[in-house]
Amino acid sequence: MTAPIHDVVAIGNAIVDVLASAEDSFIEEIGVAKGSMQLIFSAEDADALYDRMGPGREISGGSAGNSVAGMAALGSRCAFIGQVADDQLGAVFAHDLRATGVDFDTEVRSGSPSTARCLIFVTPDGQRTMNTFLGASQFLPEKALDRDLIAGGAILYLEGYLWDPEEPRQAMRAAIDIARGAGRKVAFTLSDVFCINRHGGDFRILIGDGLIDILFANENELLALAEVDDFEAAVAKISAQVPVLVVTRSEKGAIAISNGTRAEVPAEPIEKVVDTTGAGDLFAAGFLHGQAQGWTLDKSLKLGAVCAAEIISHYGARPEVDLKALAAAKLG
């Protein structure tokens, strides 16, 4: 097997986040569960909700895109595959991602729909409620895959959010085959409970067939996947099926289990939670970077916690400080 060119090649939704502050009463008014993510199925509905937003900030996002941007900031070699439209938001997304040092060369898609956007309402407690119009991102075709790029990545990282639309789901299945054929690892993030509600059967088959090497979940996602109510029972069930299981637990920290060895880390203390958007994405970035460097589970978890804490201290899901310097100061 040849040496990898990239540490991680990620496939995910190419989304531009639009963030605005909102009161709890507004979240109730629009009928969305606070802290959740819902899909918007039409451009008209997305426009109508956008019109109701207060002053916003546009920041390139997308779960897997955030993760590789964070990894690149830490010094990893990363590439991203995702679909944008030939429009202004598509150009913004591409520029922002490439500016972080991530290789991104997926061909743009002409015509409708527009580049995906996620309308994020941040309540005073820092919780984010996401309303996502997937737009062009849900039309990522298998033909857009760069097979040499995927085969040349040490880890293929897949975003559960993108499993929902049929076309990119087939593309990700093909990508798994390419990575497996090249002897590479496959990492998967469950993304949200709604993804498990809709596609849990597929995810369980992927895991059962031994196609996932590293699985990322938060506590609620893990319980939904395992179909049990007890956290430790869920950990025992799923960790027996994947070589590495990583579970984030918000203020309770995170755990990782690798072939029966368990490590835990507390949440990194911060002065104030401003916006939880991207916390899991950057946790994954820190953990994957550590694993790419050959670090222990404990040290990789610690870096994940450090990166997540930096993200929730400000608006948006892209780092605002030098993550290399932060990692050096926190981990030595």
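By the naming in an unreviewed UniProt entry, the protein chain goes by Adenosine kinase and is assigned to Sphingomonas koreensis. The Sequence similarities (unreviewed entry) field of the UniProt record for the protein chain holds the comment "Belongs to the carbohydrate kinase PfkB family."

### Quick notes on helix 6 (residues 166–181)
Taking 1.5 Å as the rise per residue, helix 6 with 16 residues should run 22 Å; its terminal C-alpha atoms sit 23 Å apart, in good agreement. Listing the buried residues of helix 6 in full gives Pro168, Arg169, Ala171, Met172, Ala174, Ala175, Ile176, Ile178 and Ala179. Here the buried face of helix 6 lies against strand 1 (6–11), helix 5 (147–151), strand 9 (153–159), strand 10 (185–189) and helix 7 (193–208). Among the residues trailing helix 6, Gly183 stands out with phi positive, at a value near 75 degrees.

### Brief notes about the sheet that holds strand 9
The pairing of strands in a sheet comes from backbone hydrogen bonds and takes either a parallel or an antiparallel form. Taken in spatial order, the nine strands of this open sheet run 6-5-1-9-10-11-12-13-14, and their pairing is mixed. Lying at the two open borders of the sheet, with one neighbouring strand each, are strand 6 (103–104) and strand 14 (261–265). For strand 12 (residues 244–248) and strand 13 (residues 254–258), the ladder comprises five bridges, and the chain directions are antiparallel. Counterpart to Val244 in the pairing with strand 13 is Ser258. Its contacts with the sheet put helix 8 (residues 219–226) on strand 11 (214–218) and strand 12, and the angle it makes with strand 11 is roughly 110 degrees. Against the sheet, helix 11 (residues 297–312) makes contact with strand 12, strand 13 and strand 14, and its axis sits at roughly 30 degrees relative to strand 14, the strand it touches most.

### Topic: the state of the cysteines
With the rule as written, the count across this model stands at zero disulfides. Residue Cys195 stays outside any disulfide, its sulfur separated by 12 Å from that of Cys118, the closest cysteine. Here Cys307 is not disulfide-linked; the sulfur of Cys78 is the nearest cysteine sulfur, at 12 Å. With a relative accessible area of 1%, Cys307 lands in the buried category.

### What about the side chain of Ser191?
One can find Ser191 in the loop between strand 10 and helix 7. At a separation of 3.1 Å, a polar atom in the side chain of Ser191 contacts the main-chain amide nitrogen of Gly160. Side-chain polar atoms of Ser191 contact the backbone nitrogen of Tyr161, separated by 3.1 Å. Once you skip the residues sitting within four places of it in the chain, Ser191 turns out to touch Glu159, Gly160, Tyr161 and Glu221.

### Examining the packing of helix 8 against helix 9 (residues 231–239)
Interaxial distance between helix 8 and helix 9 falls to 9 Å at its minimum, and their mutual angle equals 65 degrees. Here helix 8 lies roughly perpendicular to helix 9, going by the angle between them. Regarding helix 8 and helix 9, the two cross each other, and that crossing is left-handed. Contacts from Glu219, Leu222, Leu223, Leu225 and Ala226 in helix 8 reach Phe231, Ala234, Val235, Lys237 and Ile238 in helix 9. Residues of the contact of helix 8 with helix 9, tallied by class, amount to eight nonpolar, no polar and two charged.

Here is what the cut-offs are and how they apply
- Residues numbered from 1 in each chain as written.
- Predicted model: local features only at pLDDT ≥ 70, side-chain atom pairs only at ≥ 80, totals over all residues.
- Heavy atoms only, no water.
- UniProt positions renumbered as here; feature names shortened; annotations may be inferred.
- Helix = DSSP H or I, 4+ residues; strand = E, 2+ residues; numbered from the N terminus.
- Expected span 1.5 Å × (residues − 1).
- Buried < 20%, exposed > 50% of the residue type's maximum accessible area, 1.4 Å probe, protein only.
- Contact = heavy atoms within 4.5 Å.
- Pairing = 2+ DSSP bridges.
- Axes fitted to C-alpha atoms, helices over the stretch in contact; angles between N-to-C directions.
- Disulfide = S-S within 2.5 Å.
- Polar contact = N/O pair within 3.5 Å; in protein donor to acceptor, adjacent residues only side chain to side chain.
- Parallel < 35°, antiparallel > 145°, perpendicular 65-115°, else oblique.
- Left-handed = near helix turned anticlockwise from the far one by under 90°.
- Nonpolar A, V, L, I, M, F, W, Y, C, P; charged D, E, K, R; others polar.

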